[in-house]
Amino acid sequence: MPFSLLDINEHNAELLSLLTQHLPDMLWVKDTNGNYIYANNALCEGLLMAKDTQEPIGKNDIFFALRERATHSNNPYWHTFGELCFNSDRIVILNNKPMKFEEFGNIKGKMFYLEVYKAPFYDKDGNIIGTVGTGRDITELKKIQIDLQESLKKLDEQKEMFEYQANHDSLTDLPNRALFLDRLQQSIHMARRLRSKVAVIFMDLDHFKEINDSLGHHIGDKLLIEFSNRIKNVVRRSDTLSRLGGDEFCIILNDIADIDFISKFISQCMELNKLAYEIDKNSLHIGMSVGVSIYPSDGEQAGVLLQHADVAMYKAKSDGRNTYCFYDEEMTEKVFERANFENSLREAIDNKEFVVYFQPQINAKENTLVGMEALVRWQHPVIGLMSPEKFITLAEETGMIVQIDRLVMEQALCHFQKWHEDGLNPGKLAINLAVKQLQEDDFIDFITNLIKNKECIAQCLELEVTENNIMKNPGKSIEVMQQISELGIGLTIDDFGTGYSSLAYLKRLPINKLKIDKSFVSALPLNLDDIEISKTIISLSTILSLKVIAQGVETKEQKDFLVAHGCDFIQGYFYAHPMTAHDMTQFLIDYIKIDAP
Ligand code: C2E
Ligand code: CA
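Reading the values: rules and limits
All residue numbers refer to position in the chain's written sequence, counted from 1. Think of it this way: whatever chain is written first is A, whatever ligand is written first is 1, and the rest follow in order. At least 70 in pLDDT is required for a residue's local features to be given in this predicted model, at least 80 for side-chain atom pairs to be given and counted, and no such filter applies to totals for whole chains, interfaces and linings, which use all residues. Derived side-chain values reflect all non-hydrogen atoms in the structure, with water molecules and hydrogen atoms excluded from consideration. Only DSSP runs of H or I with at least four residues qualify as helices, and only runs of E with at least two residues qualify as strands; both kinds are numbered from the N terminus onward. The classification of residues rests on relative accessible area computed with a 1.4 Å probe and restricted to protein chains. Under 20% of the type maximum is buried, over 50% is exposed, and intermediate values are partly exposed. By the convention used here, residues are in contact when the closest approach between their heavy atoms is within 4.5 Å. The nonpolar core is taken to be a set of buried Ala, Val, Leu, Ile, Met, Phe, Trp, Tyr and Cys residues, with the residues joined through side-chain atoms within 4.5 Å. Note on donors: an N, O or S atom is included if it sits within 2.8 Å of the metal, or within 3.2 Å for Na, K and Ca, and water is never included, so sites can look incomplete. An automatic or database domain assignment provides the domain bounds reported here. A pair of strands is labelled paired if DSSP reports no fewer than 2 bridges between them. Interaxial angle, 0 to 180 degrees, is taken between N-to-C directions of lines fitted to C-alpha atoms, where a helix line uses only the stretch in contact. Throughout this description, any angle smaller than 35 degrees is read as roughly parallel, any larger than 145 degrees as roughly antiparallel, any in the 65 to 115 degree range as roughly perpendicular, and the remainder as oblique. Crossing handedness follows the turn of the near helix against the far one: under a right angle anticlockwise gives a left-handed crossing, and clockwise gives a right-handed one. Just so you know the grouping, Ala, Val, Leu, Ile, Met, Phe, Trp, Tyr, Cys and Pro go in nonpolar, Asp, Glu, Lys and Arg go in charged, and all remaining residues, Gly too, go in polar. A patch is a set of surface residues, each over 30% in relative accessible area and not in a salt bridge, joined within 9 Å for like charges and within 5 Å for the nonpolar side chains Val, Leu, Ile, Met, Phe, Trp and Tyr. The Shrake-Rupley method, run with a 1.4 Å probe sphere, supplies the accessible areas, and residue values consider only the shown protein chains as cover. Each reported salt bridge corresponds to a side-chain nitrogen of Lys or Arg within 4 Å of a carboxyl oxygen of Asp or Glu. Here is how to tell: hold the view so the strands point away, follow the path from the first strand over the helix to the second, and if it runs clockwise the crossover is right-handed.

For the rest of this paragraph, the subject is the side chain of serine 228. Mapped onto the elements of the fold, serine 228 is located in helix α9 (residues 217-232). Exposure remark for serine 228: the relative accessible area of 1% places this residue in the buried category. Ignoring sequence-local partners within four residues, the contact set of serine 228 consists of Thr172, Leu174, Leu241 and Phe249.

Listed below in structure tokens is the structure:
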């Protein structure tokens, strides 16, 4: 016969005792004095350290705690649970309601967490006559919780660190561009509410790259740190100094009372920057160019204000550097013009929009053609043919000149070789060379490739470098010029007389020819200064055994004067204007036939 509810009733007490005694959770019943009426196995073993489930009857928690502590008198924290449990019983009785506790203490020298539920129980009349309770060991769970909390805390710290790094410059520890723009936007909000002004001060160190290149990045880095420390000292706590990158720093000045304040502030920064930077036994001086834009007159958005301060900084640079400049609208127009122009020049390189013109060079004494100069023009798709004077400076500033010069060389050599092959005897081919080219590591490889298998061409080739440009970086330029010379290519100093080369210096250069600048030719033969200068250059070329050529010769008088004083080679409108390769072919054919002027 199967076991039924009836049987359960019959065995009630026995079953209940079995259940409670073998539950993993602690169970108990106490009277109102905290003395046990009932205790299960889990409680006796885990908390009370009682011999059996009978021992606790009539005793309380403190009894067991004291007994445990007595076995370890050297450790007052050996067993702290007794008092805790005893006290929470009191609380339940006082509150007269079931309660939950998380009790944390020490059992046998170890941390112990107990989750406890306690409830009062009553007699028929509703008087409290004791408490019942259950306890569960949650030590492992707690440990996991604590570990998890610690991991979360670490994660938070890491997140904070990453956030800091994402918003700060690692070298100077200053706010970076992202944080700067964020703070500027906040300053703008505030200024809008308070109807106040905010200034953006854009600072850029002058020629910082040269320090980096010549002394190394470690010196450059130290200079940037020292610079930021100096400026930090004068920036108010309410303002922001940031490093945007490289040698660019930017400051937000909040709540500007008057423009004078800005000027004074910048002067103060400039004064600080004037002092020498003593870095690794180097005493360095560096200028700075500063641009200012102001909210709300120069823009109402952070990005616009920053851009306008940048534009003003460029104006300060073009005004001669180490100065400051306030933004005005015209500046942007100029920058946009320049930016557009720069883009179309870049496109011109990709689309090979350059054509080479050639201007004859004549031996005026013998009336023979001695060579020609290749001169670039830009065949702009909309504007038409453009003179190099309009774009060479920009090409030099942006470095695009390197590609343009190489395109010119390839094109010019191509025509020149054809004239050679056709037996037209074109003489020498002079090509202008921007000094930037001499600083390119692969220039010698480029030119070697260009003249490969064309030895006769190398002998005819002359590269013209302007005097001023060589002086800007003499060391490297001379080294490369030497290599050019070793390839059998001639070198001419262009626009001679406009620079400051000393005689001693000229002797060191591997050059073959001087070209008298047209500015000394135009007023010949009347202007006494020009007479003196041109005569001196001609004598100088004789002393140094160099050839000499005059350019910009437009009249017979100019030509006669130069020839009379020993300069036979002439280039200028008097003989011919620069012309296309097609016209030059005809010129080469005709010049042999007709009498020269
Ligand atoms: P530059 O090398 O001094 O060239 C001489 C300039 O004088 C040329 O101007 C030429 O057309 C002009 N010219 C020639 N004869 C006379 C004359 O009798 N009277 C006057 N008033 N001018 C004369 P262009 O072609 O406009 O070139 C200007 C400058 O652009 C050149 O000055 C040169 O520095 C630069 N340039 C031209 N082509 C190139 C090139 O392929 N590469 C580089 N780097 N620069 C170039
Ligand atoms: Ca030239």
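Now that the structure has been shown, we can carry on.
Ranked by size, the top nonpolar core spans 87 residues in total, and within it Phe354, Phe358, Leu429, Phe443, Ile516 and Leu562 carry the most contacts. Here this core takes ten residues from helix α14 (residues 401-421), the largest share from any one element. Each residue touching isoleucine 516, except ones within four places of it in the same chain, is listed here: Phe496, Val521, Ser534, Ile537, Ile538, Val548, Ile549, Ala550, Gln551, Leu562 and Cys567. If you look at the next biggest cluster of nonpolar residues, it comprises 32 residues, including Leu174, Ala199, Leu284 and Met288.

Right, let's talk about the coordination of the calcium ion (ligand 2) for a bit. Protein-derived ligands of the calcium ion (ligand 2) are Glu373 (OE), Asn432 (OD1), Glu464 (OE) and Asp494 (OD), with the metal-ligand distances lying across 2.2 to 2.3 Å. Overall, the relative accessible area of 3% leaves glutamate 464 in the buried class.

This paragraph deals with the domain arrangement of the chain. The assigned domain composition of the chain is domain 1 (5-143), domain 2 (168-327) and domain 3 (340-588). A separation of 71 Å is found between the C-alpha centroids of domain 1 and domain 2.

What follows deals with the sheet that holds strand β3 (residues 99-107). Taken in spatial order, the five strands make up an open sheet running β2-β1-β5-β4-β3, and their pairing is antiparallel. On the outer flanks of this sheet lie β2 (36-39) and β3, each paired with one strand and no other. Shown here is a sheet whose adjacent strand axes are inclined to one another by a mean of 25 degrees, direction ignored. Contacting β1 (26-31), β2, β3 and β4 (110-122), helix α3 (residues 41-48) crosses the sheet at an angle of about 90 degrees to β1.

What follows is about the packing of α14 against helix α16 (residues 443-451). Their axes nearest at 11 Å, the elements α14 and α16 cross at an angle of 15 degrees. By the angle between their directions, the pair α14 and α16 is classed as roughly parallel. Classified by chirality, the crossing of α16 by α14 is right-handed. In contact with Arg406, Met409, Glu410 and Leu413 of α14, α16 contributes Phe443, Phe446, Ile447, Leu450 and Ile451. Looking at the contact of α14 with α16 residue by residue, the classes come out as seven nonpolar, no polar and two charged.

Looking now at a nonpolar patch on the surface. On the surface, Leu148, Leu152 and Leu155 cluster together into a nonpolar patch covering about 300 Å² of accessible area. Here leucine 148 is to be found in helix α6 (residues 139-167).

Before going further, it helps to spend a moment on the sheet that holds strand β12 (residues 324-326). Pairing is mixed across the open sheet formed by five strands, whose spatial order is β7-β8-β6-β11-β12. A strand with exactly one partner marks an edge of an open sheet, and here the two such strands are β7 (240-245) and β12. The mean angle between the axes of side-by-side strands here comes to 20 degrees, regardless of whether they run parallel or antiparallel. Note that strand β6 (residues 198-205) and strand β11 (residues 288-295) share eight bridges and pair antiparallel. Bridge pairing in β11 links valine 198 to tyrosine 295. Relative to the sheet, helix α7 (residues 177-194) contacts β6, β7, β8 (248-253) and β11, its axis offset from that of β8 by approximately 20 degrees.

To continue, consider the pattern of salt bridges. For the coordinates displayed, the defined rule picks out 27 salt bridges. For lysine 315, the salt bridge goes to aspartate 319, with nearest N and O atoms at 2.9 Å. Its relative accessible area of 31% is what places lysine 315 among the partly exposed residues. For aspartate 319, a relative accessible area of 47% puts it in the partly exposed group.

Right, let's get into the pairing of β11. Most of β11 sits out of view: eight of its eight residues are buried. The two faces of β11 match: Met288, Val290, Val292 and Ile294 on one face and Ser289, Gly291, Ser293 and Tyr295 on the other face are all buried. Alignment of β11 against β12, held across three bridges, turns out to be parallel. Bridged to valine 292 within β12 is phenylalanine 326. Once the chain exits β11 it traverses helix α11 (residues 302-318) before rejoining the sheet at β12, and the crossover so formed is left-handed.

Quick look at unusual backbone geometry now. Cis peptide bonds are those with omega within 30 degrees of zero, and the linkage from tyrosine 295 to proline 296 qualifies with 5 degrees. Mapped onto the elements, proline 296 comes out in the loop between β11 and α11. Note the cis peptide between leucine 524 and proline 525, where omega equals 5 degrees. Along the chain, the position of proline 525 falls in the loop between α21 (518-521) and α22 (528-543). Its identity is not glycine, yet aspartate 173 carries a phi of approximately 65 degrees, on the positive side. Relative to the helices and strands, aspartate 173 resides in the loop between α6 and α7. With a relative accessible area of 44%, aspartate 173 lands in the partly exposed category.

Below, the discussion takes up the packing of helix α8 (residues 208-215) against α9. Look at α8 against α9: their axes get within 6 Å of each other, and the N-to-C directions meet at 140 degrees. When the axis of α8 is compared with that of α9, the two are oblique. Side by side, α8 and α9 meet where Phe208, Ile211, Asn212 and Leu215 of the first sit next to His217, His218, Ile219, Gly220, Leu223 and Leu224 of the second. By residue class, the composition of the contact of α8 with α9 is six nonpolar, four polar and no charged.

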